[in-house]
Amino acid sequence: MASLYRMDLSQLKGVGAKTAELFSKLGLQSVGALLRFYPRDYENWSELTPIAAAPYGEVSIVRGEVVVPVETTRLSGGRILCKTVVTDGETDLVLTFFNNKYIPNQLRVGKNYLFRGKIGGTFFHREMVAPQIMREGAEIPIRPVYPQTEGLRSSTIARAVEQALALLPDPLEDPIPEKIRRQYSLCDLRSALFMIHAPKNIDEIEKARRRLVFEELLCLQLGIAQLGSENKVKSNYRIRSAQEDFYRLLPFAPTGAQRRCVAEMIEDMQSGSAMNRLLQGDVGSGKTAVAAALCYCVAKSGYQSALMAPTEILAQQHYASLTKTLEGSGVRAALLTGSVKGKARRELLASLDAGEIDLLIGTHALLTEDVAFKNLALVITDEQHRFGVTQRLRLQEKGEHPHTLIMSATPIPRTLALMIYGDLALSVLDEMPPGRQTIATYAVGSDKRERAFAYLRKHIDEGYQCYIICPLIEEGESDMASVEEYEALLRESPAFSGVRIGALHGRMKNDEKNAVMTAFSRGEIDLLVSTTVVEVGVDVPNAVIILIENAERYGLSQLHQLRGRVGRGKAKSTCILITDAQNEETAARMKIMCQTNNGFTIAEEDLRLRGPGNFFGNEQHGLPKLKIADLKTNMETLSDVQNCARAILEKDPALALYEHRMLRSEIRLLFTKVGGYGIS
Ligand code: ADP
Ligand code: MG
């Protein structure tokens, strides 16, 4: 295989410079890479549907005998239209082709062909427009369909792949050692490549896929583990245990779990190697206080720390609450976001560089090139699932092997956490601050909306605040429209006359957003209408009800996050989920939300219901781009892969053995695509 990675694509017949150029747009430069470019789907020409049974509007493959000669009509503009009729003995099907002058020669009366296309037509006749045609009895019943780019057709790719397959050495060296293949019943790489590109039947596709998915996940898992061991670098920043002094600054006593987590991390930061850790805690479990305790200790040890939040609102909130807590402690905090500009920014950067700032809180703005620290010893990213692996590493690069902590907003099931954060040590905040009540949760139909509004109104009159998460709109539309429309409706609604309503959406400028959020947290807004921009982290203890429209459109973890905006103070809090969706899956999700407040339970259920792929949404996990495994893979495969990876690393932690050399090079290939940070 290694030699094929060095073989240029243009050496294949029919791949000229132009085609090679198109291939390279797909990221394919070598024959080896082409072989690792798997079909997106298959057309199964052996699965025929009787014409009468082919579902309207869907693609089917039918068999038909041509019953009338092809009729050709010239249309205006020189276009030609061909029409004919075929039958499968029971039902007739009209075929229409545009601008294909070969059709009359290709389709002969009395002969049978297979046609693949979308069924249309009227009640009186069924029709296919421009179907694909295959001679009956043609060899390949299952055709691969490749992801395409402009100008490069799936069939062109298929022809190139066919040649590439012929170049495969026999036997072919396999990255997965034979012993492991036997243990997990995986086929060898050579057969897998043949079967994925040119399957003889459906079973072969499954067999090949299983092996290739396993291989890819194994490389991912081993690669992440390698990252972890590489990150075990020496650290010069020894951090003092000063947390007890910090606790005295807090308006509350830390929970046992908070104390334990802080102690774990301080110990880690005293060990002489850099900490690399994930803090998991349910919504409201008090992760911020843990982060603050660490920053305090770092400052008291004479170093700087950085705390990065995913949104400006959150950064501001952290800044406000931390400066309050740290008042008089001698720890100097500063806020850097996109809206800090000009002179203020220059001055801030200068004092940061001079070491006059101990704790820098901010957004992505912290990653900007000219942000330089004097001695950055700790980097914390809050609500990490919004950041990718690459960003994580970029902030780290601002210091010399600083300690790092990632705080995840949503609990992540253990298996997945291992897959994605396998390189990190784990601390879990498994205890809520005292006095937290469970948030009563109800799922109701939209017919109960008026009643729900009255319930909100009653609480607003008592001096509490509420959130409404407004209806979702079609993808691609701006959320602004939906918020503004909904807000207007609420303003007109008698249920909310005299109520101070504010609105928040993704299209607002940062300072507009901040102004609204600040007004809400000061109690100057009673009812906040918002999109999910309030989802993460925002903390307003006086808000006691959250009403979520179109609850069916959100995943469990997201609903749980949203719900976590209330129940942050002493008062009894409520979450109202409005949905008219009737399907089973929605019902199951709503039921779980109503039954439990435990984020870890919810995360497990979410994973079970939707599979790992949807758990994080697209690309949010920041993993290398996978070719075939999409984390929708079943949990069984995931845990097999994890066991296998563990066994390999136990035997050969550095993957230095001869039998693992192919595996190493596959891992390197996978990870160089994410910014090239190195596994060597
Ligand atoms: P999250 O883990 O979701 O980020 P926060 O750090 O925002 O949670 O904390 C939620 C709320 O709980 C905040 O208002 C915080 O001040 C409060 N809090 C944190 N720890 C404690 C504690 N030990 N006792 C009482 N309240 C606490
Ligand atoms: Mg938080």
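Look up a bit, the structure's there.
Let me begin by describing the structure that accompanies this report.

## Side note on the pattern of salt bridges
In total, this model carries 29 salt bridges according to the counting rule given. The closest approach of N and O atoms between Asp 170 and Arg 190, which form a salt bridge, is 3.8 Å. Here the residue Asp 170 occupies a position in the loop between helix 5 (154-166) and helix 6 (178-183), and Arg 190 occupies one in helix 7 (residues 189-197), the gap between them amounting to 20 residues. Measuring nitrogen to oxygen at the nearest pair gives 3.1 Å for the salt bridge that ties Arg 457 to Asp 461. With Arg 457 and Asp 461 both in helix 16 (residues 449-461) and 4 residues apart, the pair spans about one turn of that helix. Through salt bridges with shared partners, a single network forms among Arg 36, Asp 174, Arg 181, Arg 211, Glu 215 and Glu 666.

## Description of the site of ligand 1
Taken together, the neighbourhood of ligand 1 is formed by 16 residues, with Gln 258, Gly 284, Thr 288, Arg 436 and Asp 539 sitting nearest. Between ligand 1 and the protein, one listed contact pairs a nitrogen atom with a side-chain N or O atom of Gln 258 at 2.9 Å. Thr 288 places a side-chain nitrogen or oxygen 2.6 Å from an oxygen atom of ligand 1. In isolation ligand 1 has 570 Å² of accessible area, and contact with the protein removes 84% of it. At a threshold of 2 Å from the grid points, most atoms of ligand 1 map onto the largest pocket. Its residues assigned to classes, the shell around ligand 1 comprises 5 nonpolar, 6 polar and 5 charged.

## A word on helix 7
For helix 7, a buried count of 7 out of 9 residues is recorded, marking the element as mostly surrounded by other parts of the structure. For helix 7, the full list of buried residues reads Leu 189, Arg 190, Ala 192, Leu 193, Met 195, Ile 196 and His 197. Backbone nitrogen of Arg 190 and a side-chain oxygen of the N-cap are separated by 3.2 Å at the start of helix 7; the cap is Asp 188.

## Comments concerning the sheet that holds strand 16 (residues 425-429)
The pairing of strands in a sheet comes from backbone hydrogen bonds and takes either a parallel or an antiparallel form. Judged by pairing direction, the sheet is parallel, and its 7 strands sit side by side in the order 12-13-11-14-15-10-16 without closing on themselves. Looking along the sheet, the strands with just one partner apiece sit at the ends: strand 12 (333-336) and strand 16. Each strand axis lies, on average, 20° off the axis of its neighbour in the sheet, ignoring direction. Inspection of the sheet shows strand 10 (residues 276-281) paired to strand 15 (residues 403-408) by 5 bridges, in the parallel sense.

## Description of the packing of helix 19 (residues 556-563) against helix 20 (residues 584-595)
Following both chains from N to C, one finds helix 19 and helix 20 inclined at 35°, their axes separated by 10 Å at the closest point. When you trace helix 19 past helix 20, the crossing you get is right-handed. The residues of helix 20 that touch helix 19, namely those facing Leu 556, Leu 559, His 560 and Arg 563, are Arg 589, Met 590, Ile 592 and Met 593. By residue class, the composition of the contact of helix 19 with helix 20 is 5 nonpolar, 1 polar and 2 charged.

What counts and how
- Residues numbered from 1 in each chain as written.
- Chains lettered and ligands numbered in written order.
- Predicted model: local features only at pLDDT ≥ 70, side-chain atom pairs only at ≥ 80, totals over all residues.
- Heavy atoms only, no water.
- Salt bridge = Lys/Arg side-chain N within 4 Å of Asp/Glu carboxyl O.
- Helix = DSSP H or I, 4+ residues; strand = E, 2+ residues; numbered from the N terminus.
- Near = heavy atom within 4 Å.
- Polar contact = N/O pair within 3.5 Å; in protein donor to acceptor, adjacent residues only side chain to side chain.
- Areas by Shrake-Rupley, 256 points an atom, 1.4 Å probe, with all protein chains shown as cover.
- 1 Å grid on protein atoms, 1.4 Å probe; cavity = no way out; pocket = protein on both sides within 12 Å on 5 of 7 lines; lining within 4 Å.
- Sits in = over half its atoms within 2 Å of the grid points.
- Nonpolar A, V, L, I, M, F, W, Y, C, P; charged D, E, K, R; others polar.
- Buried < 20%, exposed > 50% of the residue type's maximum accessible area, 1.4 Å probe, protein only.
- Pairing = 2+ DSSP bridges.
- Axes fitted to C-alpha atoms, helices over the stretch in contact; angles between N-to-C directions.
- Left-handed = near helix turned anticlockwise from the far one by under 90°.
- Contact = heavy atoms within 4.5 Å.

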